[in-house]
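# Structural features, examined
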Amino acid sequence: MVAVRYKTAFQLYPYQRSPDQDLSTPVRHPVVIVGGGPVGMALALDLGLKGIRVVVLDDHEGVGMGSRAICFAKRTLEICDRLGCGQPMVDKGVVWNLGRVFRDTHELYSFNLLPEDGHRRPAFINLQQPHFERFIVERIREVQARGAPIEIRGVNQVIGVEPRGDHVALEIDTPDGPYRAEADWLVACDGARSPVREMLGLGFKGRVFQDNFLIADVRMKADFPTERWFWFDPPFNRGQSVLLHKQPDDIWRIDFQLGWNIDRKAVVEPESVLARVRAMLPDTPVELVWTSVYTFQCCTMERYRHGRVFFAGDAAHQVSPFGARGANSGIQDVDNLAWKLALVLRGQAGEALLDSYDLERRHAAEENILNSTRSTDFITPKTPVSRMFRDAVLDLAERAPFARSLVNTGRLSVPAVLDGSPLNGPDDAALPARTRPGAPAVDAPTERGWLLGLLGDEFRLLCLNTEHPAVTVGGVTAAPVQLSTEGWPHLAERWLGDAPRAVCLIRPDQHVAARWIDPAPGAVAAALARAMGLADAEA
Amino acid sequence: MLKLDPNLPDPDGFYAELLAAHEGLTEAESHALNARLVLILANHIGDRAVLAEALTLARETAAGGRR
Ligand SMILES: Cc1cc2nc3c(=O)[nH]c(=O)nc-3n(C[C@H](O)[C@H](O)[C@H](O)COP(=O)(O)OP(=O)(O)OC[C@H]3O[C@@H](n4cnc5c(N)ncnc54)[C@H](O)[C@@H]3O)c2cc1C
């Protein structure tokens, strides 16, 4: 029997017996994804859209209750746009730009995320994780109806994993009892406690933080502005911090830091949670929607690829919630892995390309862990001296603007630049740094709409104020997207700087692979080969 | 490059001013003042390489040579 570990908010994939369960020989699937959280579902969608046959096994029948993640970053929305589910997220989500930082009862300062103009998507939206996941699954249903080869099997719990050279053997439990299946490639997206990782005896190393946080999602009709408020040492939570954030549907997230020595059962009693909320908001009637206590760790696996098994999302790396880097980085894992797996499955690239997933995403995870650890050290000082410096920063912040840059209540997720990746090709240093090889393409309005929409999900040659023919390597074509920057200052500033023209090779995950002002004959083909992991072909 | 040669006009005057800033403070308040002072000066210097040298020097010159 499959145990129910959590309540579902939306029942989206109830158990249905699969024909696989009636066969005596296990069925072999090209790709099996374990875990239908945001990462597993987004990966299934990405692969399915590329025509790759994929099965998702999830041990529940829908999206878990409770809004763990609420902040979804611009890059995540751009990836979801590519997958065709960005718009409903933005429509439902709450956009915020202003943050205020308080200490005790008074405001120290406020900051504006100052979104740069000339982007389709805002820096962040707030949206409950169950809605985020639901929009992905709804998109899967839409593309399934049009023939995308995605299959979701609810209440299918993976209980055995055995790598066998050219495939991975699986044992799966269901309400009708266990069955076997096989996968050419297995992707474990089964969350921070990853049973697949456990079953393979692989480690998860890092730091556990000795602190507890209480989340209270409350419904209230409050006319607070849509802002992020962060308190250090407020009267309603002495010596600790509190975060208030708005979500859709009049729901607010309140996050109370509790310290280490607490009675974890007692603090989540509704009366006790309500008492805290009332102390904070004495005049506002509130209704509790969801509460939980969490502790966190910043951990990563040593490698994200083990032969035919990949790890993505929380299964591969876990960060503290400060900075909203969990789901946001998991979606970038998907963005990075899907096209590589698709090329290898189609026989257009070799396994070296798959190793670059490990390299590139570990680089990103290290950056995320570094940022999230630093935020945590600021919010939860570990020693008397670190508390002294933290308080010194806060003492100065009101008067001295420089100190505000040291206040760290979470450095909000920005996508990793894949500097040093073996897939990166030549650069021309005269072009702007922000669109250098390894960087995610920076959006801009163009004569034909938003740039990222034009780039799509295949290799492209972005030709600005110049022309270049399509280039094909091993059956993979980078088709030109030709644009003039005349009258489109954002495009010119972000992609050309002072240069008159440029040709940029863009990967299917919309990261820049290489760029030139005037590419030499053959240069683009060599860079395309390199970006496909065929580095030898370049010589 | 971190300056190690004398750079302060009227060093005795500065030293007296530094002590005066701590006058009447408890030990904890003095530590806190020093922490603020470090941050203020670090921002003023604004050069990470110089600050790194300063941190190393301060760390290496602990009384009794403790590292
Ligand atoms: C309080 C809190 C606040 C957060 N806020 C943010 C935020 O603002 N922004 C952000 O980006 N991130 C945030 N996060 C992190 C975010 O929630 C996670 O990073 C995200 O859920 C990871 O997604 P995932 O798909 O990797 O794993 P999960 O969401 O954990 O999904 C794993 C799935 O695998 C299934 N599964 C597990 N074992 C098996 C098995 N044996 N067989 C089959 N299926 C299995 C599970 O049922 C589940 O459906 C927050 C987290 C917390 C706790």
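Residues numbered from 1 in each chain as written. Chains lettered and ligands numbered in written order. Predicted model: local features only at pLDDT ≥ 70, side-chain atom pairs only at ≥ 80, totals over all residues. Heavy atoms only, no water.

### Quick notes on the pattern of salt bridges
All names here are of chain A. Cut-off, in case you're wondering: A side-chain nitrogen of Lys or Arg and a carboxyl oxygen of Asp or Glu constitute a salt bridge if their distance falls within 4 Å. Runs of E in the DSSP output that reach at least two residues are strands. Runs of H or I that reach at least four are helices, and both are numbered from the N terminus. Each residue gets one of three labels from its accessible area relative to the maximum for its type: buried under 20%, exposed over 50%, partly exposed in between, using a 1.4 Å probe on protein chains only.
Under the criterion given, the structure shown has 47 salt bridges over all chains. Residue R82 pairs with D335 through a salt bridge whose shortest N-O separation is 2.6 Å. Residue R82 is located in helix α2 (residues 74–83), and its partner D335 is located in helix α8 (residues 326–345); the two are separated by 253 residues in the primary sequence. With a relative accessible area of 13%, R82 lands in the buried category.

### Description of the interface of chain B and chain A
Operational definition: Contacts are assigned to residue pairs that have any heavy atoms within 4.5 Å of one another. By buried area we mean the combined loss of accessible area, with a 1.4 Å probe, across both parts when two parts are placed together. In protein, a polar contact means a hydrogen-donor-capable atom and an acceptor-capable atom, both N or O and within 3.5 Å, with residues adjacent in sequence counting only if both atoms are side-chain atoms; elsewhere, any N or O pair within 3.5 Å suffices. Side-chain classes follow a simple rule in which Ala, Val, Leu, Ile, Met, Phe, Trp, Tyr, Cys and Pro form the nonpolar group, Asp, Glu, Lys and Arg form the charged group, and the remainder, Gly included, forms the polar group.
Across the contact, 8 residues belong to chain B and 8 residues belong to chain A. Counting each side, the surface lost to burial between chain B and chain A is near 710 Å², with a carbon and sulfur contribution of 88%. Linking chain B to chain A there are 1 salt bridge. In this assembly, chain B and chain A are joined by 1 residue pair in polar contact (both at pLDDT 80 or more). Residues belonging to the side of chain B that touches chain A are distributed by class as follows: 5 nonpolar, 2 polar and 1 charged.

### Describing the site of the ligand
Residues and elements named next belong to chain A. Going by this rule: Only heavy atoms are used to decide nearness, and a residue is near a molecule or strand if one of them lies within 4 Å of it. Areas reported as accessible are Shrake-Rupley estimates using a 1.4 Å probe. Residue values count occlusion only from the protein chains shown.
Near the ligand you find 33 residues, and of these Y6, D58, D59, Q129 and D314 are the closest. A distance of 3.1 Å separates an oxygen atom of the ligand from a polar side-chain atom of R68. One of the backbone nitrogen or oxygen atoms of I70 is found 3.1 Å away from an oxygen atom of the ligand. Out of a free accessible area of 1,000 Å², the ligand has 90% covered by protein chains. For the shell around the ligand, the leading source of residues is α8, giving 3 residues. Across the shell around the ligand, the residue classes tally to 16 nonpolar, 11 polar and 6 charged.

### Brief notes about the domain arrangement of chain A
Residue and element names in this part refer to chain A. Inclusion rule: An automatic or database domain assignment supplies the residue ranges for each domain.
Split by domain assignment, chain A resolves into domain 1 (8–86 + 122–205 + 298–367), domain 2 (208–296) and domain 3 (433–531). Using C-alpha coordinates to define each centre, domain 1 is positioned 31 Å away from domain 2. Between domain 1 and domain 2, the contact holds 14 residues from the first and 13 residues from the second. Three residues stand out in domain 1 for area buried against domain 2, namely N126, Q128 and F322, and they jointly supply 38% of the buried area on that side. Taken together, the links from domain 1 to domain 2 amount to 4 residue pairs in polar contact (both at pLDDT 80 or more). Tallied by class, the residues present in the side of domain 1 that touches domain 2 amount to 7 nonpolar, 6 polar and 1 charged.

### Here's the deal with the nonpolar core
Residue and element names in this part refer to chain A. This is how the line gets drawn: The definition of a nonpolar core used throughout is a set of buried Ala, Val, Leu, Ile, Met, Phe, Trp, Tyr and Cys residues joined through side-chain atoms within 4.5 Å.
The biggest cluster of nonpolar side chains holds 98 residues, and the ones touching the most others in it are M89, L186, V187, F459 and L505. For this core, the leading source of residues is α8, giving 10 residues. Here this core spans two domains, since at least three of its residues come from each of domain 1 (8–86 + 122–205 + 298–367) and domain 3 (433–531). In this structure, F209, F230, V393 and A403 belong to the second largest nonpolar core, which totals 29 residues.

### Observations regarding the pairing of strand β26 (residues 476–483) of chain A
Put simply, side chains in a regular strand alternate between the two faces of the sheet. Residue and element names in this part refer to chain A. Spelled out, the test is: Following DSSP output, two strands are said to pair if at least two bridges run between them.
One ladder, built from 5 bridges, connects strand β24 (residues 460–464) with β26; its direction is parallel. Within β26, the position partnered with R460 by the bridge is A479. Direction of pairing for strand β25 (residues 471–473) relative to β26: antiparallel, over a ladder of 3 bridges. Following the sheet pairing, V471 is matched in β26 by A478.

### Re the sheet that holds β25 of chain A
All names here are of chain A. Put simply, the test is: Interaxial angles span 0 to 180 degrees and are taken between N-to-C directions of axes, which are lines fitted to C-alpha atoms, for helices over the stretch in contact.
The 5 strands are arranged β25-β26-β24-β27-β28 in an open sheet whose pairing can be described as mixed. At either end of the open sheet lies a strand with only one pairing partner, and these are β25 and β28 (512–516). For this sheet, the mean angle separating the axes of adjacent strands, direction not counted, is 20°. Alignment of β24 against strand β27 (residues 502–506), held across 5 bridges, turns out to be antiparallel. From the neighbouring strand, R460 faces β27, where its bridge partner is I506. Taken strand by strand, helix α14 (residues 523–531) contacts β24, β25, β26, β27 and β28, and its axis lies near 45° from that of β25.

### Observations regarding unusual backbone geometry
Of note in the backbone geometry, D104 of chain A takes a positive phi value of approximately 55° without being a glycine. Inspection of the secondary structure assignment puts D104 of chain A in the loop between β7 (98–103) and β8 (106–112).

### Points about the packing of aromatic side chains
All names here are of chain A. Counted only if it meets this: Only Phe, Tyr and Trp rings are paired, with Trp represented by its six-membered ring, and only when their centres lie within 6.5 Å; those with planes under 30 degrees apart are stacked, over 60 edge-to-face, the remainder tilted. Counted as over-ring charges are cases with an Arg CZ or a Lys NZ within 6 Å of the ring centre that also lie within 35 degrees of the ring normal.
Applying the stated criterion across every chain, the model contains 20 aromatic pairs over all chains. Aromatic rings pair up to connect F102, F224, W229, W231, F236 and W252 into one cluster. One residue, R390, lies across the ring of F378, its end atom 6.0 Å from the ring centre.

### A look at the packing of α2 of chain A against α8 of chain A
Residues and elements named next belong to chain A. What counts, and what does not: An angle below 35 degrees is read as roughly parallel, one above 145 as roughly antiparallel, one from 65 to 115 as roughly perpendicular, and any other as oblique. When the near helix sits turned anticlockwise from the far one by under a right angle, the crossing is termed left-handed; a clockwise turn instead gives a right-handed crossing.
Where α2 contacts α8, the two axes come as close as 9 Å, and the packing angle between them is 40°. Comparing the axis directions of α2 and α8 gives the class oblique. Between α2 and α8 the crossing geometry is left-handed. Residues R75, T76, I79 and R82 of α2 touch α8, and the partners they reach there are N328, I331, Q332 and D335. For the contact of α2 with α8, a count of residues per class yields 2 nonpolar, 3 polar and 3 charged.

### Observations concerning the sheet that holds strand β6 (residues 94–95) of chain A
Residues and elements named next belong to chain A. Spatially, 3 strands are ordered β5-β9-β6 in an open sheet, and the strand pairing comes out antiparallel. This sheet does not close on itself; its edge strands, each paired only once, are β5 (71–73) and β6. Here β6 pairs with strand β9 (residues 124–126) via 2 bridges, running antiparallel. When the bridges of β9 are listed, V94 appears paired with N126. Where α2 meets the sheet, it contacts β5 and β9, and its direction lies at approximately 70° from that of β5.

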